[in-house]
2 protein chains.
Amino acid sequence: MMLKNHDCGTLGQQNVGETVVLNGWVQGWRDFGGILFIDLRDRTGIVQIVFNPAFSGQALDLGARARNEYVLAVKGVVVGRDPETYNPNIATGEIELQVHEVEIINSAKTPPFPIEDGVEVDESLRLKYRYLDLRRPEMQKTLRLRSKATKVFRDFLDENDFIDVETPILTKSSPEGARDYLVPSRVHPGEFFALPQSPQLFKQLLMVGGLERYYQVARCFRDEDLRADRQPEFTQVDIETSFLTQDQLLAMMESLMARLFRETIGVEIPTPFQRLTYNDAIHKYGSDKPDLRFGLEIEDVTDIVKNSDVKVFASVASSGGVVKALNAKGCASWSRKELDDLQPFATRYGGKGIAWITVKEGEWRGPIVKFFKPEEIAALTEKLGVEEGDLLCFSADKLKTAADVMGNLRLKVGRELGLIDNSAFKFLWVVDFPLLGYDEEAKRWVAEHHPFTRPRDEDLELFATDPGAIRAQAYDIVLNGYEVGGGSMRIYRREVQEQMFSALGFTQEEAKKQFGYFMDAFEYGTPPHGGIAFGLDRLIMLLTGRTNLRETIAFPKTASATDLLCDAPSAVFDRQLDDLHIRLSAKAIAAQTKPNASQEGAPQDSQNAEPAAQS
Amino acid sequence: MMLKNHDCGTLGQQNVGETVVLNGWVQGWRDFGGILFIDLRDRTGIVQIVFNPAFSGQALDLGARARNEYVLAVKGVVVGRDPETYNPNIATGEIELQVHEVEIINSAKTPPFPIEDGVEVDESLRLKYRYLDLRRPEMQKTLRLRSKATKVFRDFLDENDFIDVETPILTKSSPEGARDYLVPSRVHPGEFFALPQSPQLFKQLLMVGGLERYYQVARCFRDEDLRADRQPEFTQVDIETSFLTQDQLLAMMESLMARLFRETIGVEIPTPFQRLTYNDAIHKYGSDKPDLRFGLEIEDVTDIVKNSDVKVFASVASSGGVVKALNAKGCASWSRKELDDLQPFATRYGGKGIAWITVKEGEWRGPIVKFFKPEEIAALTEKLGVEEGDLLCFSADKLKTAADVMGNLRLKVGRELGLIDNSAFKFLWVVDFPLLGYDEEAKRWVAEHHPFTRPRDEDLELFATDPGAIRAQAYDIVLNGYEVGGGSMRIYRREVQEQMFSALGFTQEEAKKQFGYFMDAFEYGTPPHGGIAFGLDRLIMLLTGRTNLRETIAFPKTASATDLLCDAPSAVFDRQLDDLHIRLSAKAIAAQTKPNASQEGAPQDSQNAEPAAQS
């Protein structure tokens, strides 16, 4: 077999005259009057190879058998093309290969979809034939970029003296948090491992263990109902440090992000990043992960309208709610239907409605205009910078709901007005998240992040007076409206931990029962520590301009957590369940399809399989 | 809080006169006439800090409260010690820190074992308190070396244009091979994911997908009964390439190993590595993973003794067995007990016994000597290079058994004679493994490696005549008697695959049923490909001179697959099982201990846990 000494996609004028061997797949072929042109593709790109009776001899006959996706080996001479036949669409368009020898390494069935970018193919077909989908230049580019991005993370962290530590995948189920994936134990009947939702406890234990700087590109698992931007298994770049302040850590992470974007897509990200408190983010942008590629800030007009004759404004204001307003500049021209659609839009985000005013021909129009007093109109005009052609939108509700409605309206208006620069990357830190939130149902305080999150030192006294006002040393890193990472400084002093548990309604003893070995560990000299984790899949999605996490993963699962390629999950044999000391529930038995019985009896034994330590 | 601007372990003469801040743990303390000396430890090492009323003032009082493993912050001036007080045991032994300020960052309970190397501590105690065990310099060094080693792998593969691709952890159960860990699906009642025993199928699919060069530091899982050198989850550096010959791949991997040893422990490994065929390895060293740090080859004396009056030799030889001999140079002095112990030694490896002859005072002694004819003694003397003081050992059996017995005897003798240079690293490739083995029970051929392993081209015709003689393009990389990696070239041509399946007793149709989507993939233009996987845990074990895989893993499991630190696996709540549509078997219910009931009712809800996307 002829094996390649050059790549297809990197040949150029510099190779003219050279005899080279190429391997690749047939991207396409055409016969012009007895001369055969084949586009040969490998992972570096495409080159045109030419079979001509004048120089190819027998090779032409063999080459003529090739069809799309056949694997070829060719030997030939690189020649320059006539300038009028240059192909500007491929990097190798100024040369071609005159084939002297060819070998058909493998044939191929006709693929179920064309192996090229930009064709519309049903995603489930792409996932079933992922090995063909991966041949498309766009997928290759994405996987390469993902590999490169991971490398940049590692290089940076390595240079900053972080230690890459692998933490267990078979670990302990926690009653907390999202649903665990469980793994029954064969050795310990009735007991289960859980797949980690994150290496959180282990990375904190590594700090107790004195590693000082840890990282891991860690696989994590959540058995949650999936959305477009969730996968049952996902990857996070997990980081923890000791003896650093929050500011030191965030600055280091900014350098890391800047380097990531520079070295993967050549984009310079200015540092330091903008910082926004959680409160400001919610009030100004209606979101704790605001997209700051455009302005269009939300205003609080509660004070202006609290005594208004618009009854809903007044009653919301008097019951502790807020009235939020957004001036959709130039949107007075929206149609009646567009304005009517604001009602279901608000409902989608839990709101009761959106009150609107159009400013046309110098006049305020809309159902609520008549209730405003002139001084209210004057104040609103000033606060909202009202001009001819504007559309004023109002949401009156509890802060969270009003913010959510207005935040989403802001995004909608921003998109429709074309305010968003799609080539921009706008990072920011959201900081000072609340430490505690009040659970109205349970009538108690709950940790907003987790119960080991460190409060700001200057807020410690608020445990006694106003727990809801305590700010956490917790932070999210937001890019273009997506949370791409987050973390916190952790509590390391026992007296603070006790205050925290007390606020959550735990005695120290209950806390020990709940958090067991983890609490024990903290009694043996815990250093001040904190960390962060980046969502790698989402970062890659943003780096590559995709909108779907599945595009960033070689073998992703569907929204119903199915792997369409290998058909997982699947039924297993009863003997496997027996080994694991479990049985199916009645519902599962009813739903069950037995695994292919022919497998059980097939003439194949356990000696045959590749040992896992080999490959 | 004072946070460090220097590390403890790197201070030296170059810092004398500097005011520095250090953070670390108290390694030890002593009070000499009102002057307090503390050894302060961080991950870089230890430095002596001194509290003296003359320069420490109030700090002395606070410092005096410190006990072992307390976390301190100290500010002070680096001073040179008197040369007669130099401490040669620590890198910072020529200086010390005169403390001006101290802060007790955290206190610590007395640890259950001393935080230092070289103390005997029960391993289960070390595993339960792994976070303390990790503070020991030796564990820190191992984890650092592991991190570095992984980095070297990645750097090398990256420079050679490999793409790092993550393959799924939640994948499909295979009826083949070792037992799978299963993960019940909540969304698909009665169906299960399996954790991968290796990314074998995925990496081959990536080659079908045109990636050409793939690698991954991959977590793998086997639910097997564990030995000292097995873990239920382990890490392999997984590699696959297209369009390379076996020789090209092996040469590249030799460079990789040489670089790994150079950059982690500063040892030069000569390349190319020795290559040994499987047959030679078995015949000469009685093992397919021979330790070549010493010679002591096993000889085949079947021809010499096949007509001997030693009945067992003659009968074994006439029934297709072999007689293997090892000359244990200078071991004629073994005691009668040592010689008697050869019998149970042979039994341990499946043999019936070991016949022995001592050569003392020019005389051959032993139970079988009298049966030898003079010409047999002459021939043995020449073949085995017999000299005064030798011990000759014989095993007569089927090749596999005799090789196993003699191979293990060779290791025992080599160790006892001190023939093994423990500082040496002796790599070799074992190649030309047999493709097929005959299963006597099932009366059929089975794949020795896996059914996709490529036969050597020149052996293809043996499918028709002598399948057992077909050599596979499979190879193991062996270091000091340990298999540290292995792999093969894969079949990529349909006609070869059909021959293989036919030899295994499969029709093409049965094979399709058995291997499903994987077989489908191979019909769309499969490139010639092959790969290898290195056992990372074992490599690290050998790099660090350990003898136990658990020493190389931050949070390992015991031989009964238990995590003693977090007490996994553990019982889970019935509602978790309900969600997953499974129930416990009667045996499991009998064995079950309910999870701590207080957890269920604890005032903590799902909002509290750290979201997995955060940290």
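Residues numbered from 1 in each chain as written. Chains lettered and ligands numbered in written order. Predicted model: local features only at pLDDT ≥ 70, side-chain atom pairs only at ≥ 80, totals over all residues. Heavy atoms only, no water.

The cut-off we apply is this: UniProt positions are given in the numbering used here, feature names are shortened, and annotations may be inferred rather than shown by experiment.
Chain A carries the name Aspartate--tRNA ligase in an unreviewed UniProt entry, which gives Cohnella faecalis as its organism. Under the heading Subcellular location (unreviewed entry), UniProt records this for chain A: "Cytoplasm".

1. Considering helix 10 (residues 311-318) of chain A
Residues and elements named next belong to chain A. The line we're drawing: Residue exposure (1.4 Å probe, protein chains only): buried if accessible area is under 20% of the type maximum, exposed if over 50%, otherwise partly exposed. Secondary structure counts use DSSP, requiring at least four H or I residues in a row for a helix and at least two E residues in a row for a strand, with both numbered from the N terminus. Arc, as used here, means the arc of the directions from the helix axis to the C-beta atoms. By definition, residues are in contact when any of their heavy atoms lie within 4.5 Å.
Along helix 10, the positions that sit buried rather than exposed are Phe313, Ala314, Val316 and Ala317. Around the axis of helix 10, the buried residues are gathered within 165° of arc, so they sit on the same side. Across from the buried face of helix 10, at angles greater than 90 degrees, the exposed residues are Lys311 and Ser318. On its buried side, helix 10 packs onto helix 9 (302-305), strand 13 (322-328), strand 14 (355-360) and strand 16 (391-397).

2. Comments concerning the UniProt feature "binding site: L-aspartate" (unreviewed entry) in chain A
Residues and elements named next belong to chain A. Let me state the cut-off plainly: We define a polar contact as two N or O atoms separated by no more than 3.5 Å, with the added condition that, inside protein, one atom must be a possible hydrogen donor and the other a possible acceptor, whereas residues neighbouring each other in sequence contribute only through side-chain atom pairs.
The positions that UniProt labels "binding site: L-aspartate" (unreviewed entry) are, in the present scheme, Glu176, Arg222, His449 and Arg490. Here arginine 222 is to be found in the loop between strand 9 (213-221) and strand 10 (233-242). Given the relative accessible area of 11%, arginine 222 is considered buried. As for its placement among the helices and strands, arginine 490 is situated in the loop between strand 21 (482-489) and helix 16 (494-503). Among the polar contacts listed, one links the side chain of arginine 490 to the side chain of serine 488, at a separation of 2.8 Å.

3. Examining the environment of phenylalanine 534 of chain B
Residues and elements named next belong to chain B. When you line up the elements, phenylalanine 534 lands in strand 22 (residues 529-535). Phenylalanine 534 sits 17 residues away from tyrosine 517 along the chain, and the two C-alpha atoms are 27 Å apart. The contacts of phenylalanine 534, once residues within four sequence positions are left out, are Phe153, Thr235, Gln236, Val237, Ile239, Met253, Leu256, Met257, Ile477, Val484, Gly485 and Leu539.

4. Notes on the pairing of strand 13 of chain A
Residues and elements named next belong to chain A. What counts is decided by this rule: Pairing between strands is defined by DSSP: at least two bridges between them are needed.
Among the 7 residues in strand 13, 7 count as buried, and that is most of the element. The two faces of strand 13 match: Val322, Lys324, Leu326 and Ala328 on one face and Val323, Ala325 and Asn327 on the other face are all buried. As paired elements, strand 12 (residues 299-300) and strand 13 share 2 bridges and run antiparallel to each other. Counted as the bridge partner of glutamate 299 is alanine 325 from strand 13.

5. Observations concerning the sheet that holds strand 12 (residues 299-300) of chain B
All names here are of chain B. For clarity, the cut-off: Only the stretch in contact is used when a helix axis is fitted, and all axes are lines through C-alpha atoms; the angle between N-to-C directions ranges over 0 to 180 degrees.
Spatial ordering of the open sheet is given by 12-13-16-14-15, a layout of 5 strands whose pairing is antiparallel. Since the sheet does not close on itself, it has two edges, and those belong to strand 12 and strand 15 (363-365), each with one partner. When strand 14 (residues 355-360) meets strand 16 (residues 391-397), the two strands line up antiparallel, connected through 4 bridges. Among the inter-strand pairings, isoleucine 357 is bridged to a residue of strand 16, identified as leucine 392. Those strands touched by helix 14 (residues 399-416) are strand 13 (322-328) and strand 16, and its axis lies near 5° from that of strand 13.

6. Let's talk about the relation of the copies chain A and chain B
Both copies of the chain are placed relative to one another by a rotation about an axis and a shift along it. Put simply, the rule is: Overlaid copies result from least-squares superposition on C-alpha atoms, with residues included only where pLDDT is at least 70 in both.
Least-squares fitting of chain A to chain B yields an RMSD of 0.1 Å, with the superposition described by an axial translation of 0.0 Å and a rotation of 180°. Such values leave the two copies arranged in the relation of a two-fold axis. With an isologous cut-off of 70% or more, the 100% of interface residues of chain A that recur at the interface of chain B puts this contact in the isologous class.

7. Thoughts on the domain arrangement of chain A
The condition is simple: Annotation comment: domain bounds sourced from an automatic or database domain assignment.
Domain parsing of chain A yields domain 1 (13-106), domain 2 (140-274 + 427-433 + 472-492 + 527-551) and domain 3 (294-417). On a C-alpha basis, the centres of domain 1 of chain A and domain 2 of chain A stand 45 Å from each other.

8. Re the pattern of salt bridges
This is how the line gets drawn: We count a salt bridge whenever a side-chain nitrogen from Lys or Arg sits within 4 Å of a carboxyl oxygen from Asp or Glu.
Applying the stated criterion across every chain yields a total of 115 salt bridges over all chains. The residue glutamate 123 of chain A makes a salt bridge to arginine 550 of chain A at a minimum N-O spacing of 2.6 Å. Taken as a pair, glutamate 123 of chain A in helix 3 (residues 123-128) and arginine 550 of chain A in the loop between helix 18 (536-543) and helix 19 (574-579) lie far apart in primary sequence, 427 residues in all. On the basis of relative accessible area, glutamate 123 of chain A is assigned to the partly exposed category, the value being 23%. The buried category is assigned to arginine 550 of chain A, whose relative accessible area is 12%. Aspartate 390 of chain B is paired through a salt bridge with lysine 329 of chain B; the nearest N and O atoms lie 2.8 Å apart. Residue aspartate 390 of chain B is located in the loop between helix 13 (374-384) and strand 16, and its partner lysine 329 of chain B is located in the loop between strand 13 and helix 11 (336-340); the two are separated by 61 residues in the primary sequence. Since its relative accessible area comes to 2%, aspartate 390 of chain B is described here as buried. The partly exposed category is assigned to lysine 329 of chain B, whose relative accessible area is 31%. Each of Asp117, Arg126, Arg130, Asp133, Arg136, Glu138, Arg546 and Glu551 of chain A takes part in a single network of salt bridges with overlapping partners.

9. Regarding the confidence of the model for chain A
Residue and element names in this part refer to chain A. Worth spelling out the cut-off: Each residue carries a pLDDT score, the predictor's confidence in it, ranging from 0 to 100.
Per-residue pLDDT for chain A has a mean of 92; in total, 95% of the residues score no lower than 70. Note on residues 596-615: pLDDT is under 50 here. Beyond four places in sequence and across chains, it has 74 contacts. Here the predicted complex scores 0.94 on pTM and 0.93 on ipTM.

10. A closer look at the interface of chain A and chain B
Put simply, the rule is: The quantity reported as buried area is the accessible area (1.4 Å probe) lost by two parts once they are put together, taken as the sum for both.
Contacts between chain A and chain B engage 180 residues on the former and 180 residues on the latter. Here chain A packs against chain B, burying approximately 15400 Å² in sum over the two surfaces, 54% of which is carbon and sulfur. In this structure, the connection of chain A to chain B is made through 23 salt bridges. Note that aspartate 225 of chain A is salt-bridged to arginine 186 of chain B, the shortest N-O span being 3.3 Å.

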